[in-house]
Amino acid sequence: MGMMIRCLRLLCAAGRGILPFRGLGPLPAHRHIHCSQCLAKSAAELDMEESAEGRAETEESLNAAYTDEEADTILHVLNTAPQSELAAIKLLRGKKSASIVQYREQHGPFLDLDSVVQVPHFKHKITVKVFDSILSPVDKDAKKERRPESRSSVRFIKPDVPTERLQATESIVSIVFGIKKIAWAHVSRSMMVHDWQQQEWYRFMKGPYFAHMYLEDVSAVVSKLPVADFYVLEKPGISLQNTSLFPVMLHMRTVEAMLYAMLNMQYEADGEHRVLSMARSTVGKHFDIMVGESRTSGLEIAKQLLTHSVSQEEPRVRFPQDAIFHYRNHLQPRGQNRNEELCDALLQAIAFYELAVF
């Protein structure tokens with residue numbers, strides 16, 4: 001119906017309200033051109049009229065969109081605030097705050113909300129946003145307080161987990177794996193290390209590595225892992241552009257997927273993830289061991305944590321007294337065999353608690 005009314009209005013506006021009879025034959029070519037030009041001109045004029053009517057209807061709704069108290073608050077700010085205070089409002093920075101002051105000086109104070117649209121650089125949509133920002137300013141302090149919460153559950157932990165579950169964590173198993181070893185650290189909420197060990201992959205990079213070998217090797221590790229609220233896996237930062245490392249990346253992704261499947265046995269029942277991935281770079285930044293985009297060794301930090309657990313009254317992390325000597329032997333440099341995965345598993349557990357839980 002609306003389309004039919006529009007067509008009739010176009011025909012009347014173009015002066016073509018009567019259609020020719022069939023018996024009169026075809027119209028001359030110049031008449032067709034003339035009709036087309038008139039029709040196009042009429043359509044443009046009609047669109048301008050309709051858009052003007054729509055803008056008028058929208059602008060008329062400004063005063064009705066706010067209560068008298070809200071309108072008084074908005075007008076008080078716009079009529080009395082100096083340019084420096086207006087510029088402090090996010091949507092009034094730059095030319096908009098200067099335009100308001102200049103308009104006030106030339107035309108006097110704003111009498112109602114609709115008159116604000118007459119200011120240069122103001123349209124209906126941006127004006128509504130300005131009004132809303134005046135009525136509900138953003139609290140910068142509250143915004144800063146919310147950052148740690150959003151960072152803990154979104155930026156470096158995947159998949160997303162409710163903050164309440166993270167804060168209620170009692171124990172985790174931090175897992176880091178490479179092409180030759182897989183290591184884990186079982187750490188409780190009191191920052192006590194209950195288990196810290198590693199296991200070697202004997203068959204990877206030594207010929208064909210079939211699917212059943214992944215099952216055998218990963219299952220052997222999973223059978224040794226203690227029960228915990230969360231299992232935190234290191235998310236390796238291998239670039240996809242480096243084609244020479246594709247076999248390594250494929251190995252990492254395969255092990256990661258199998259750990260997700262084997263340790264998330266209850267996911268189908270309750271729909272809650274117990275296996276999480278944590279970015280390797282996040283742990284490096286937390287301990288300040290990043291060089292550019294690359295992460296350096298955490299061996300010295302792990303050795304320092306062991307020493308502090310004995311020498312300090314309130315160490316960052318604690319170890320069983322009878323296991324400290326055993327752990328210290330594992331951290332002695334041995335050429336290329338420096339047990340980096342073992343150190344990284346411990347640092348990842350500490351970073352998880354300090355960033356996501358505490």
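What counts and what doesn't
- Residues numbered from 1 in each chain as written.
- Predicted model: local features only at pLDDT ≥ 70, side-chain atom pairs only at ≥ 80, totals over all residues.
- Heavy atoms only, no water.
- Buried < 20%, exposed > 50% of the residue type's maximum accessible area, 1.4 Å probe, protein only.
- Helix = DSSP H or I, 4+ residues; strand = E, 2+ residues; numbered from the N terminus.
- Pairing = 2+ DSSP bridges.
- Phe/Tyr/Trp six-rings, centres within 6.5 Å; stacked < 30°, edge-to-face > 60°.
- Contact = heavy atoms within 4.5 Å.
- Axes fitted to C-alpha atoms, helices over the stretch in contact; angles between N-to-C directions.
- Salt bridge = Lys/Arg side-chain N within 4 Å of Asp/Glu carboxyl O.
- Core = buried A, V, L, I, M, F, W, Y, C linked by side-chain atoms within 4.5 Å.

**Q** How do you make sense of the pairing of strand E2 (residues 171-177) when you look at a structure like this?
**A** Moving residue by residue along a regular strand, the side chains alternate between the two faces of the sheet. Summarising burial for E2: 7 of the 7 residues are buried, a large majority. Residues Ser171, Val173, Ile175 and Phe177 line one face of E2 and the alternating positions Ile172, Ser174 and Val176 line the opposite face, and both faces are buried. Sheet topology places E2 next to strand E3 (residues 181-188); 7 bridges connect them, and they run antiparallel. If you follow Ile172 over to E3, its bridge partner there is Val187. Between E2 and E3, which pair antiparallel and follow one another directly, the connecting turn spans 3 residues.

**Q** Any chance you could explain the packing of aromatic side chains here in plain terms?
**A** Any pair of aromatic rings gets described here by the distance separating the centres and the angle formed by the planes. Summed over the entire model, instances satisfying the criterion amount to 8 aromatic pairs. Where Phe230 meets Phe352, the ring centres are 6.4 Å apart and the plane angle is 55°; that geometry is what we call tilted. With Phe230 in strand E5 (residues 230-235) and Phe352 in helix H15 (residues 340-357), the pair connects residues that are 122 residues apart, well separated along the chain. On the basis of relative accessible area, Phe352 is assigned to the buried category, the value being 1%. Centroid distance Tyr353 to Phe358: 5.6 Å. Interplanar angle 25°. Geometry classified as stacked. You can call Tyr353 buried: its relative accessible area is 0%. Residue classification places Phe358 among the exposed residues on the basis of a relative accessible area of 53%. Taken together, Phe230, Phe352, Tyr353 and Phe358 form an aromatic cluster joined through their ring pairs.

**Q** For this particular structure, what's the right way to read the sheet that holds strand E6 (residues 275-279)?
**A** What holds strands together in a sheet is hydrogen bonding between their backbones, with the strands either parallel or antiparallel. If you walk across this open sheet you meet the 6 strands as E1-E6-E5-E2-E3-E4, and the pairing is mixed. The open sheet terminates on both sides in strands that have one partner only, identified here as strand E1 (157-158) and strand E4 (193-200). Against the sheet, H15 makes contact with E1, E2, E3, E4, E5 and E6, and its axis sits at roughly 140° relative to E2, the strand it touches most.

**Q** Could you clarify how one ought to interpret the pattern of salt bridges in this entry?
**A** Pairing is possible between side chains of opposite charge, provided their charged atoms come close. Evaluation of the coordinates by the stated rule reveals 10 salt bridges. In this structure, Glu234 and Arg280 form a salt bridge, with 2.9 Å as the shortest nitrogen-oxygen distance. Here the residue Glu234 occupies a position in strand E5, and Arg280 occupies one in helix H12 (residues 280-286), the gap between them amounting to 46 residues. The class of Arg280 is partly exposed, set by a relative accessible area of 25%. Residues joined in a network through salt bridges with shared partners are Glu234, Arg280, Arg295 and Asp344.

**Q** Explain the nonpolar core to me, please; I cannot follow it from the model alone.
**A** Among soluble globular proteins, nonpolar side chains are generally buried collectively. The biggest cluster of nonpolar side chains holds 43 residues, and the ones touching the most others in it are Trp196, Met278, Phe287, Phe319, Leu331 and Phe352. Broken down by secondary-structure element, the contributors of at least two residues to this core are E2, E3, E4, E5, E6, helix H13 (299-311), helix H14 (324-330) and H15. When residues in this core are grouped by element, the largest group, 13 residues, is from H15. Residues Val221, Val248, Tyr260 and Val275 belong to the second largest nonpolar core, which totals 24 residues.

Treat this as a map of the structure, not an account of what it does.
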